[in-house]
Amino acid sequence: MFKTFIFGLVLGVLATAGALYAFPVVDLQREHSLVSVATNGGNVESFYINVPADRLLARQPGQDSLLPDMLDWPGVDILQPIGVELYKIRNERGVVIGVASQLSESGSTSTDWLLHFPARGSQLISVQTQATSSGALRGDLRAGSREFAKRRGSVAVRWVPDDSTDEGVAGGRIEMLTNYVSQVDRQ
Amino acid sequence: MMKYAVSLLLGLLCGVALFIIGLLYNPFIANRTVSPLSAGDTAVASLSYTAVPAKSIAFTNNGAGRLQPHPKGIRLLPEDTLEQTELMVAEMRDARGQTAGIGVKFSSRSERTNLLRGEALVNSAWYVHLPDRGSFFVEQAENYWPFIQNVLVPAYRNSANSWKGKWSGDLSAGPGALGAGRVTGVGGSLLGRSMVAVESLSVQAYSTEKGPVSAEGRLLIKMQPDDVTATD
């Protein structure tokens, strides 16, 4: 009986080690990346944010309304000119694949977007506040992590109003069209 | 026959328990106690933030864990693709304790997690905006294994389901040299600068029901030597 116990003990140790080795502790849900190749090079991918449905947090300087209502913005002077919005971000099929933040400061000529896709990596994009002739805002990928670490390129951000949303609420969607080139490919 | 089956089952359970205890107290998994940024003589900037979700400006996750979203009414992240993701907005304080700016942190559990090697990894990205200086982006992996060993497990072992004491440790585990995170200046006077960062956590009280009760995080940012030369 003691030998059986020892056998079980060894088996338990080996089985646990084997299970930890064979099965991933973290298994993230993935969506297929909907990437296409641009005519003049680079990879094109679109992201969408439905407003107000995908908005998690909103605070703009000089505005009393906050999202959520209970948000307690610090009273220090240095943070008063700062506006922050947080969103969920969707792929071309409308599936939520990440989160995004938009941070701006009063008087600045650009706003910074941080996009985070759990299974892929993060991107930091600086977007000009002055629209181009096409009506879109132009931005540049300043930095990235993991899948986006070695990429550089541009982003076009466009606001598309949607009149079918609830009355009194400014609705629509933010479209982000990214066009990135891998730095490795260029060398 | 029955007694052999019981012996085998008891042996199996003891084997599993023995392995888990061995994993948690494995002396071959070293905890880094000295920050790699302490070496050298280039300038290091320190920014601290509260690591208690209820004291942050905003925090949200899937709502199912011990860390509760804050403030009340903030939307959750219940989608399958975001269920292991957390989002935080925090006031960043300088070394004198004065508010220096604001930080947004996104973090998701990493598929590179390997408990056999003492790696409980989280991929995180920071965007920090300092109105007087500029803004920067931090990409890093964080290893929470030392935190699990020294705070989480003792808290669960305690009959009151809590832990009190003082634990400090570095979380950063790459992708930069010596396990530091990579920093890119993206605005203001920091635009275009390459830096490295180490994020550390200091915990004084932890509850298994509410998470951290008293804890502070810190980002240590260091310029790359050639960058300092270029700007001096």
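Residues numbered from 1 in each chain as written. Chains lettered and ligands numbered in written order. Predicted model: local features only at pLDDT ≥ 70, side-chain atom pairs only at ≥ 80, totals over all residues.

## Examining the overall build of chain A
Heads up, the rule is: Strands are runs of DSSP state E lasting at least two residues, helices are runs of H or I lasting at least four, and both sets are numbered from the N terminus onward. Note on method: radius of gyration uses C-alpha positions; expected globular size equals 2.2 Å times residues raised to 0.38. Note on burial: count the other C-beta atoms lying within 10 Å of the residue's C-beta; 20 or more is buried, 12 or fewer is exposed, in between is partly exposed, and C-beta positions come from the backbone. Here contacts are defined at the residue level, using C-beta atoms placed from the backbone and a cut-off of 7 Å between them.
Within chain A, the secondary structure is distributed over 2 helices and 10 strands. Its helices and strands taken in sequence order, chain A reads α-β-β-β-β-β-β-β-β-β-β-α from the N to the C terminus. On C-alpha atoms alone, chain A measures out to a radius of gyration of 23 Å, which is more than a quarter above the 16 Å that the 2.2 N^0.38 rule sets for 187 residues. Referenced to the eigenvectors of the C-alpha coordinate spread, the extents of chain A come out at roughly 80 × 50 × 35 Å. In chain A, which comprises 187 residues, the share counted as buried stands at 33%. Looking at chain A alone, contacts between residues at least 24 apart form 41% of all its contacts between residues at least 6 apart.

## Some thoughts on the pairing of strand 7 (residues 121-131) of chain A
Across a regular strand the side chains alternate sides, sitting on one face of the sheet and then on the other. Residue and element names in this part refer to chain A. Going by this rule: Pairing between two strands requires that DSSP report at least two bridges joining them.
Sheet analysis places strand 6 (residues 110-117) next to strand 7, joined by 8 bridges and oriented antiparallel. Considered in strand 7, the bridge of Ser-110 is made with Gln-128. The hairpin turn running from strand 6 into strand 7, its antiparallel successor, is 3 residues long. Pairing of strand 7 with strand 8 (residues 137-144) involves 6 bridges; the strand directions are antiparallel. Within strand 8, the residue paired with Val-127 across the bridge is Gly-139. The hairpin formed by strand 7 and strand 8 contains 5 residues between the paired strands, and Gly-135 there has a positive phi angle of roughly 90°.

## Quick notes on the interface of chain B and chain A
Spelled out, the test is: All amino acids are sorted into three groups, where Ala, Val, Leu, Ile, Met, Phe, Trp, Tyr, Cys and Pro are nonpolar, Asp, Glu, Lys and Arg are charged, and the leftover types, Gly among them, are polar.
Counting residues at the interface gives 53 residues for chain B and 53 residues for chain A. Here the element with the most residues in the side of chain B that touches chain A is helix 1 (residues 2-24) of chain B; it accounts for 15 residues. Its residues assigned to classes, the side of chain B that touches chain A shows 28 nonpolar, 16 polar and 9 charged.

## What to know about the environment of B:Glu83
All names here are of chain B. Mapped onto the elements, Glu-83 comes out in the loop between strand 2 (58-60) and strand 3 (85-93). The exposure class of Glu-83 is partly exposed, given the 19 C-beta atoms found within 10 Å. Between the C-alpha atom of Glu-83 and that of Ala-197, which follows or precedes it by 114 residues, the distance is 27 Å. Setting aside residues no more than four positions away along its own chain, Glu-83 makes contact with Asn-62 and Pro-78.

## Looking at the nonpolar core
This is how the line gets drawn: Think of a nonpolar core as buried Ala, Val, Leu, Ile, Met, Phe, Trp, Tyr and Cys residues chained together by C-beta atoms that fall within 7 Å.
Within the largest apolar cluster, 69 residues are counted, with the highest numbers of intra-cluster contacts made by A:Leu114, B:Val89, B:Phe137 and B:Ala197. Apart from the residues lying within four places of it in its own chain, the contact partners of B:Phe137 are A:Leu124, A:Arg142, A:Ala143, B:Ala125, B:Trp126, B:Tyr127, B:Val183, B:Thr184 and B:Val186. Core analysis: the next-biggest nonpolar cluster, separate from the first, contains 10 residues, B:Val151, B:Trp163, B:Tyr206 and B:Ala215 among them.

## A look at the packing of helix 1 (residues 2-22) of chain A against helix 1 of chain B
For the record, the criterion: The axes are straight lines fitted to the C-alpha atoms, using for helices just the contacting stretch, and the angles between their N-to-C directions are given from 0 to 180°. Oblique is the label for every angle not falling under 35 degrees (roughly parallel), over 145 degrees (roughly antiparallel), or within 65 to 115 degrees (roughly perpendicular). By the definition used in this description, the sense in which the near helix is turned from the far one sets the handedness, with an anticlockwise turn below a right angle giving left-handed and a clockwise turn giving right-handed.
Their axes nearest at 6 Å, the elements helix 1 of chain A and helix 1 of chain B cross at an angle of 40°. Taken together, the axes of helix 1 of chain A and helix 1 of chain B lie oblique to each other. Note on packing geometry: the crossing formed by helix 1 of chain A with helix 1 of chain B is right-handed. Here the residues of the contact of helix 1 of chain A with helix 1 of chain B are counted per class, giving 19 nonpolar, 7 polar and no charged.

## Concerning the environment of B:Ala54
Topologically, B:Ala54 is positioned in the loop between strand 1 (44-50) and strand 2. Between the C-alpha atom of B:Ala54 and that of B:Ser214, which follows or precedes it by 160 residues, the distance is 10 Å.

## Things to note about the confidence of the model for chain A
Short version of the rule: A residue's pLDDT is the confidence the predictor assigns to it, expressed on a 0 to 100 scale.
Per-chain confidence: chain A averages 87 in pLDDT, with 94% of residues scoring 70 or above. Within chain A, the lowest mean pLDDT, 61, falls on helix 2 (residues 183-186) of chain A, and the highest, 95, falls on strand 4 (residues 82-90) of chain A.

## Description of helix 1 of chain A
What counts is decided by this rule: Expected span, for any helix, means 1.5 Å times one less than how many residues it has. Think of it as the arc spanned by the lines of direction from the helix axis to the C-beta atoms.
An ideal rise of 1.5 Å per residue puts 30 Å on 21 residues; helix 1 of chain A measures up with 30 Å between its terminal C-alpha atoms. Along helix 1 of chain A, the positions that sit buried rather than exposed are A:Gly8, A:Leu9, A:Gly12, A:Val13 and A:Thr16. The buried residues of helix 1 of chain A occupy an angular sector of 135° when projected down its axis, which confines them to one face. Of the residues in helix 1 of chain A, the exposed ones pointing more than 90 degrees away from the buried face are A:Lys3, A:Leu14, A:Gly18, A:Tyr21 and A:Ala22. Looking at the buried side of helix 1 of chain A, the elements it contacts are helix 1 of chain B.

## Notes on unusual backbone geometry
Here the bond from A:Val51 into A:Pro52 is cis, since omega is 10°, no more than 30 degrees from zero. Residue B:Gly174 is joined to B:Pro175 through a cis peptide bond whose omega torsion reads 15°. Relative to the helices and strands, B:Pro175 resides in the loop between strand 7 (162-170) and strand 8 (181-188). Phi at B:Asn161 takes a positive value of approximately 55°, unusual for a residue other than glycine. Structurally, B:Asn161 can be placed in the loop between helix 2 (145-157) and strand 7.

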